[in-house]
Each structure stands twice: as structure tokens, then as C-alpha cells.
Amino acid sequence: NLENFHLVEVGSYFDTGTEAWKKVEAVLLNDSDTISFGTESNMMWEQSTHSIFTRESSGTNISAFKAPDEFLGYKEKYYGGSLSFELRNLQYDRGIPYSPINGVMLQAGDGTILTTKLHDTPINAWRQFEVLLDDSTDWKIGSADGVTATEAEIKNVLKDLTGLYIRGQYFSGE
């Protein structure tokens, strides 16, 4: 009986630590910004701000925040919902700015990756972002240059969500 079905909000508030979020190296494979996920490492926790952070990646890799298991699995019922988060980039005065493409990435068990851009790059101050989990968001298949995902394709990824990544690096260099 789906009349009484309620979605449980999944969230991280970082009151006591990193809550199993990881840093992952997201490798940009070519000029079209195709993504491949690489090495994982632990995040650092800032108790005073209830936030997690990482140091920037080097070379052509970018750092991304990888969500823990409670955000993954069968999430098709979340279609039409949203993903909300805050970002802050403290190294805005150094390096070369990246494009805001590949801001949020969803990966399915079959390897399909959906990616969407954030419309503003987070600089110094905390910025609130909300990404809709439906076809009103410009989800692309495979890369920022991929074809636009349909409702069915987005739902298919949400049926077997094996990775949820939020880009955490928007500048390169030291």
C-alpha cells in the first residue's frame, strides 16, 4: 500500500565526525570531462563548523566528496525530490578556476554516471545548493557533454545508486 509510504530523509550534519564520507579522486579523462573515480581517502572534520573538508587534488584530478552507504541503494522513490548541501572553497585566490561542470555525480551499479553542473562556483563563504532529482535538472549521461538524461534514465540510476559524489574542488594549483 503506497498511500502511507513516506520517504525517510537521509542526511549528514557532521555533529560528531565525518559520518563515513570519503574523499575520492575524480579523474577527468578527456576534453569532454568524462569522469572516472579513483583513490578514496578519509575526510577531515571541523568540529566548530560541523563540516568536513579535504585538501585539493593534484594534476588533472579533482576532489569529490563521496556519500556513505545510507545515501545509496534503491532510491527511485526519491525521484522528484532534491539533494541539498553547502560548499565553501577556501583557496579561491590561488590557482586556475575550473568550470562548475560535474558538480554532482550519480553512479549506478551498471556503471552509468549522471552528472550535472552547479551554476555558481563556491568561493570563500558557505553557499547553499539544491539539485533536483528529476528531469528538470540538466542531468547528462557519462560526461558534461553527454546527452540529456530522461526521466526513465534518471530513475534507472536511482534504482541502484552505487555512488553519490559532490565535487569539492573548483580551482587548481598551489
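Residues numbered from 1 in each chain as written. Predicted model: local features only at pLDDT ≥ 70, side-chain atom pairs only at ≥ 80, totals over all residues. Heavy atoms only, no water.

> Sorry if this is basic, but what is going on with the pattern of salt bridges here?
For the structure shown, the criterion picks out two salt bridges. When the shortest N-O distance is used, the salt bridge between lysine 140 and aspartate 138 registers 3.5 Å. Glutamate 151 is the partner of lysine 155 in a salt bridge, and the nearest nitrogen-oxygen pair spans 2.9 Å. Note that lysine 155 and glutamate 151 are positioned in helix 1 (residues 151-159) at a spacing of four residues, about one turn of the helix. Owing to a relative accessible area of 35%, glutamate 151 belongs among the partly exposed residues under this scheme. (Salt bridge = Lys/Arg side-chain N within 4 Å of Asp/Glu carboxyl O. Helix = DSSP H or I, 4+ residues; strand = E, 2+ residues; numbered from the N terminus. Buried < 20%, exposed > 50% of the residue type's maximum accessible area, 1.4 Å probe, protein only.)

> Honestly, the nonpolar core in this entry has me stumped. Any pointers?
Nonpolar side chains in soluble globular proteins generally cluster together in the buried interior. If you look at the biggest cluster of nonpolar residues, it comprises 27 residues, and the most contacted ones within it are Trp21, Phe85, Leu106 and Trp139. Those elements that provide at least two residues to this core are strand 6 (82-87), strand 8 (104-108), strand 10 (127-132), helix 1 and strand 12 (161-167). For phenylalanine 85, the contacting residues outside a window of four places in its chain are Val104, Leu118, Arg127, Gln128, Phe129, Val131 and Ile166. By size, the runner-up hydrophobic cluster in this structure holds eight residues, among which are Val24, Phe37, Ile62 and Tyr165. (Core = buried A, V, L, I, M, F, W, Y, C linked by side-chain atoms within 4.5 Å. Contact = heavy atoms within 4.5 Å.)

> What should I look at first to understand the packing of aromatic side chains in this one?
Remark: the centre distance and the inter-plane angle together describe each pair of aromatic rings, the angle taken between the planes. Using the criterion set out here, one finds two aromatic pairs in the structure. The interplanar angle of 20° and the centroid separation of 5.6 Å between the aromatic rings of phenylalanine 85 and phenylalanine 129 together place this pair among those described as stacked. Taken as a pair, phenylalanine 85 in strand 6 and phenylalanine 129 in strand 10 lie far apart in primary sequence, 44 residues in all. Overall, phenylalanine 85 belongs to the buried group, its relative accessible area being 9%. (Phe/Tyr/Trp six-rings, centres within 6.5 Å; stacked < 30°, edge-to-face > 60°.)

> What exactly am I supposed to notice about helix 1 here?
An α-helical turn contains 3.6 residues, so any two residues separated by three or four positions project in the same direction. Listed in full, the buried residues belonging to helix 1 are Ile154, Val157 and Leu158. The buried residues of helix 1 occupy an angular sector of 100° when projected down its axis, which confines them to one face. The inward-facing, buried residues of helix 1 abut strand 8, strand 9 (113-116) and strand 12. (Arc of directions from axis to C-beta.)

> Is there a simple way to explain the pairing of strand 6 in this structure?
Remember that side chains alternate between the two faces of the sheet whenever the strand is regular. Residues Leu83, Phe85 and Leu87 point to one face of strand 6 and are all buried, whereas Ser82, Ser84 and Glu86, pointing to the other face, are not buried. As defined by bridge partners, strand 6 adjoins strand 10 across six bridges and the pair is classed as antiparallel. In the strand pairing of strand 10, leucine 87 is matched with arginine 127. (Pairing = 2+ DSSP bridges.)

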